[in-house]
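A closer look at the structure
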Amino acid sequence: MKSFAFVFPGQGSQSVGMLDGWAGHPAVLDTVREASDALGEDIGALIAQGPKESLAMTTNTQPVMLVAGVAAWRVWRAEGGAVPAAVAGHSLGEYSALVAAGVLSLSQAAPLVRLRAAAMQEAVPVGAGAMAAILGMDAAGVIAGCAQAVASFGEGSSEVAEAVNFNDPSQTVIAGTKAGIEKACEVLKAAGAKRALPLPVSAPFHSSLMKPAAEKLRAALADVALAAPQIPVVNNVDVAVVSDAAAIRDALYRQAFGAVRWVECVHALKARGVTHIVESGPGKVLAGLTKRIDPELVGVALYDTATLAETRELLA
């Protein structure tokens, strides 16, 4: 069998009915039931029926994406799929990766990601923060443009513009205050970026403005028992594999206000001998990024019974 890794998507890949393609597989039903019990609500009904607007609320998106990622993983294993060489997750997806690796149970992770989502939403008033995707410019150029934008407000300004998601070599997401991001988009377009697209998000995720949320998360993590990983987990914030519980907690704390170094995470997976990367959960975002990060790697999405068969055949 080919050497492969599993990766788990974050916010943005959710859709109403995203588990329908599993045709009521027992592993999916068990996953939904476990998460629903942990959250005290019927998360399956929300996923199946929506509405879309409810699914898009950060406090719902994070738990439903956790459930969808873990469900696909559990189907893979239940159907005899091999254990991957390593796992990783994009932003929120790191929690799904930790469940897959046995560090957290789903019952622990579901309330944790809901708390994380609520804390992030509360950290910055709606409308005060913003995010934008910068296309057609390398990461160094984006970082420099953000610094130039912030400097333009003068010394002592509270405006923020930071590079927070390094998604592929020519796509970097920035986050910060509304005025800071608007100015950064202006500066970056003038400097040669092909596009600067405002993102429809409710908070400036992974920016330094998320530090109050991170503190709440750190307090919650202190009370959660973590097991040693059964599969190596490449984390977002350091692009490192750690197995000590304190180190895992610290990485999750810093991830809330630190950049998602996804390009480096994919390179780190390849450095471990991986040739194929399986995206576990709805959508094909990470599979697409894989090909743009390194054309030698094969990215495949696993989100229903048809793609399960394709993935098994590809990795055989």
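These remarks concern the structure in this document. (Residues numbered from 1 in each chain as written. Predicted model: local features only at pLDDT ≥ 70, side-chain atom pairs only at ≥ 80, totals over all residues. Heavy atoms only, no water.)

Thoughts on the environment of Val 241
Looking at the element boundaries, Val 241 is found in the loop between helix H9 (211–222) and helix H10 (245–255). Taking the relative accessible area as the measure of exposure, Val 241 reaches 39% and is therefore partly exposed. Sequence separation of Val 241 and Pro 229 is 12 residues, and the distance between their C-alpha atoms is 9.6 Å. Among residues more than four places away in sequence, those in contact with Val 241 are Pro 232, Val 233, Val 234 and Arg 272. (Helix = DSSP H or I, 4+ residues; strand = E, 2+ residues; numbered from the N terminus. Buried < 20%, exposed > 50% of the residue type's maximum accessible area, 1.4 Å probe, protein only. Contact = heavy atoms within 4.5 Å.)

As for the side chain of Asn 60
Position of Asn 60 relative to the elements: it lies in helix H4 (residues 58–78). The class for Asn 60 is buried, based on a relative accessible area of 12%. Within the structure, Asn 60 has its side chain in polar contact with the backbone oxygen of Ser 54 (distance 2.9 Å). Dropping the residues within four chain positions of it, Asn 60 is found in contact with Leu 46, Ser 54, Leu 55 and Arg 114. (Polar contact = N/O pair within 3.5 Å; in protein donor to acceptor, adjacent residues only side chain to side chain.)

Quick look at the environment of Ala 256
Residue position: Ala 256 is located in the loop between H10 and helix H11 (262–271). Along the chain, Ala 256 and Pro 212 lie 44 residues apart, while their C-alpha atoms are 9.6 Å from each other. Ignoring any residue separated from it by four or fewer positions in sequence, one finds Ala 256 in contact with Met 120, His 206, Ser 207, Met 210, Ala 214 and Leu 217.

Focus: the packing of aromatic side chains
Applying the stated criterion across every chain, the model contains six aromatic pairs. A centroid spacing of 6.4 Å and a plane angle of 45° characterise the contact between Phe 6 and Phe 8, whose relative ring orientation is tilted. The same class applies to Phe 6 as to Phe 8, namely buried. Following the ring pairs from residue to residue traces out a cluster consisting of Phe 4, Phe 6, Phe 8, Trp 73 and Trp 76. (Phe/Tyr/Trp six-rings, centres within 6.5 Å; stacked < 30°, edge-to-face > 60°.)

Topic: the side chain of Thr 172
Mapped onto the secondary structure, Thr 172 falls in strand E5 (residues 171–177). If we skip the residues at most four places from it in the chain, Thr 172 touches Ala 132, Ala 133, Ile 134, Ala 139, Val 142, Ala 163, Asn 165 and Phe 166.

Quick look at the environment of Arg 261
Tracing the backbone shows Arg 261 in the loop between H10 and H11. The partly exposed category is assigned to Arg 261, whose relative accessible area is 25%. Along the chain, Arg 261 and Ala 45 lie 216 residues apart, while their C-alpha atoms are 34 Å from each other. Those residues in contact with Arg 261, other than ones at most four positions away along the chain, are Phe 166, Asn 236, Val 237, Asp 238 and Val 239.

Describing empty space enclosed by the protein
The full count for this structure, using the stated rule, is one cavity of 30 Å³ or more. Within this model, the largest cavity holds a volume of roughly 60 Å³. Looking at the largest cavity, the residues that line it are Glu 94, Leu 98, Val 233, Asn 235, Val 242, Ile 248, Ala 251 and Leu 252. Taken together, the elements giving at least two residues each to the lining of the largest cavity come down to helix H5 (93–100) and H10. Broken down by element, the lining of the largest cavity gets its largest block of residues, three residues, from H10. Residue composition of the lining of the largest cavity, grouped by class: six nonpolar, one polar and one charged. (1 Å grid on protein atoms, 1.4 Å probe; cavity = no way out; pocket = protein on both sides within 12 Å on 5 of 7 lines; lining within 4 Å. Points joined across faces, edges and corners; volume = space filled by probe spheres on them. Nonpolar A, V, L, I, M, F, W, Y, C, P; charged D, E, K, R; others polar.)

Considerations on the layout of surface pockets
When its volume is computed, the largest pocket comes out at roughly 770 Å³. In terms of lining, the largest pocket is formed by 33 residues, of which the most central are Gly 10, Gln 11, Gly 12, Ser 13 and Val 201. Looking at the lining of the largest pocket, the elements that each hand over two or more residues are helix H3 (52–55), H4, strand E3 (129–135), strand E4 (161–168), E5 and helix H12 (285–293). Among the residues forming the lining of the largest pocket, the class breakdown is 15 nonpolar, 16 polar and two charged.

So, the sheet that holds E4
Sheets are built from strands that pair by backbone hydrogen bonding, the pairs being arranged parallel or antiparallel. Spatially, the four strands line up as an open sheet ordered E4-E5-E3-E6, and their pairing is antiparallel. Every other strand in the sheet has two partners, leaving E4 and strand E6 (195–198) as the edge strands with one partner each. Strand after strand, the sheet turns through a mean of 25° between neighbouring axes, direction not considered. Pairing analysis gives six bridges linking E4 to E5, with the strands arranged antiparallel. Bridging from a neighbouring strand, Asp 168 pairs with Gln 171 of E5. Against the sheet, helix H7 (residues 139–151) contacts E3, E4 and E5, and its axis sits at roughly 165° relative to E4. Each of E3, E4, E5 and E6 touches helix H8 (residues 178–190); the most contacted strand, E5, lies at about 145° to it. (Pairing = 2+ DSSP bridges. Axes fitted to C-alpha atoms, helices over the stretch in contact; angles between N-to-C directions.)

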